Amino acid sequence: MKVDITASRAKVEVGPPGGPDVALPARFTITVTEGSPYDLRFVTEWDEAERRHTIREATFLAPDNAVRMSSIIRVPIAETVSAAIESRVLDDRGWAGVVADHPDHPPEHVDALVYLLSVAVGSAKPSANVAIARGLSPASGPKRVGAARKLGLIPEAESGKASAGLGAFDRAARRQA
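Residues numbered from 1 in each chain as written. Predicted model: local features only at pLDDT ≥ 70, side-chain atom pairs only at ≥ 80, totals over all residues. Heavy atoms only, no water.

## Side note on the sheet that holds strand β1 (residues 2-7)
Phase 1 of the analysis: Here we have four strands laid out as an open sheet, ordered β1-β4-β5-β6, and antiparallel in their pairing. Each edge of the sheet is formed by a strand with only one pairing partner; in this case those strands are β1 and β6 (52-61). Put simply, the sheet's adjacent strands are angled 15 degrees from each other on average, direction ignored.
Phase 2 of the analysis: For strand β4 (residues 27-33) and strand β5 (residues 39-47), the ladder comprises six bridges, and the chain directions are antiparallel. Residue pairing for β5: T31 is matched across the bridge by R41.
Phase 3 of the analysis: Contacting β1, β4, β5 and β6, helix α2 (residues 77-89) runs over the sheet at an angle of about 115 degrees to β4. (Pairing = 2+ DSSP bridges. Helix = DSSP H or I, 4+ residues; strand = E, 2+ residues; numbered from the N terminus. Axes fitted to C-alpha atoms, helices over the stretch in contact; angles between N-to-C directions. Contact = heavy atoms within 4.5 Å.)

Structure below.
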């Protein structure tokens, strides 16, 4: 499978209140060829309300056959898009590089940045990425994320669903009022 990704020049800032931040491209075009069963093209754009990239366009091309729904449902769309964006956003140091790039910020702020950045690129395991970034067991991620949440650096999440959107901050504020 061959994956090509291009990014827009327009940027958005991702990070907790009070920093640190990372600038992400506002739009990605991901092209997957030499895969099975189709060549794919996805366009993602930044969704400010959700504070994450969302797929705005999906193209499935079957050069020799018809595109079939029964085959489309087997294409790991979310994983493909997330992995492509993650590979573009992170350098060869992976999530640990995000921590290394922010040595002068409080650990909870950097943990929040890793979490929010993980959500922004569509990772299925943002809490585990926080622990991995620190060289810890993935199981320790939720505890670190919980500490950042208590400080108001990460919005409250719906049960079982990672959250980084502004709406989550608003809902949490209304519950506290």
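## Remarks on unusual backbone geometry
Phase 1 of the analysis: In this structure, the amide linkage connecting G19 to the following residue, P20, adopts the cis form with an omega of 0 degrees.
Phase 2 of the analysis: Looking at where P20 falls in the secondary structure, it is placed in the loop between β2 (11-14) and β3 (22-25).
Phase 3 of the analysis: Even without being glycine, R51 reaches a positive phi, approximately 55 degrees.
Phase 4 of the analysis: Its place among the elements puts R51 in the loop between β5 and β6.

## Observations regarding the confidence of the model for the protein chain
Phase 1 of the analysis: Per-residue pLDDT for the protein chain averages 88, and the proportion of residues at 70 or more is 89%.
Phase 2 of the analysis: Scored below 50 in pLDDT, residues 166-177 makes 15 contacts in the model with residues more than four places away or belonging to other chains. (pLDDT = per-residue confidence, 0-100.)

## Structural notes on the nonpolar core
Phase 1 of the analysis: With 40 residues, the main nonpolar core has I30 and W95 as its most contacted residues.
Phase 2 of the analysis: The element that contributes the greatest number of residues to this core is helix α4 (residues 107-121), accounting for 10 residues.
Phase 3 of the analysis: The residues touching W95, leaving out its near neighbours within four places in the chain, are E86, L90, V114, L117, S118, V121, N129 and A133. (Core = buried A, V, L, I, M, F, W, Y, C linked by side-chain atoms within 4.5 Å. Buried < 20%, exposed > 50% of the residue type's maximum accessible area, 1.4 Å probe, protein only.)

## Considering the environment of P126
Phase 1 of the analysis: The topology assignment puts P126 in helix α5 (residues 126-133).
Phase 2 of the analysis: Between the alpha carbons of P126 and Y115 there is a distance of 5.1 Å; along the sequence they are 11 residues apart.

## Comments concerning the pattern of salt bridges
Phase 1 of the analysis: Taken as a whole and assessed by the stated rule, the structure comprises nine salt bridges.
Phase 2 of the analysis: Notably, a salt bridge pairs D111 with R144, separated by 2.8 Å at the nearest N-O pair. Pair noted here: D111 is in helix α4 and R144 is in helix α6 (residues 141-150), with a separation of 33 residues, a long-range link.
Phase 3 of the analysis: What you see here is one network of salt bridges that share partners, running through R27, E45, D47 and R56. (Salt bridge = Lys/Arg side-chain N within 4 Å of Asp/Glu carboxyl O.)

## Overview of the packing of aromatic side chains
Phase 1 of the analysis: The tally for this structure, following the rule as stated, stands at two aromatic pairs.
Phase 2 of the analysis: When the ring of Y38 is compared with that of F60, the centres are 6.3 Å apart and the planes differ by 85 degrees; the resulting orientation is edge-to-face. Remark: F60 occurs in strand β6 and Y38 occurs in the loop between β4 and β5; sequence separation between them is 22 residues.
Phase 3 of the analysis: When the ring of F42 is compared with that of F60, the centres are 6.2 Å apart and the planes differ by 90 degrees; the resulting orientation is edge-to-face. Here F42 is found in strand β5, whereas its partner F60 is found in strand β6, with 18 residues between them in sequence. Assigned by exposure class, F42 and F60 land together as buried.
Phase 4 of the analysis: Following the ring pairs from residue to residue traces out a cluster consisting of Y38, F42 and F60. (Phe/Tyr/Trp six-rings, centres within 6.5 Å; stacked < 30°, edge-to-face > 60°.)

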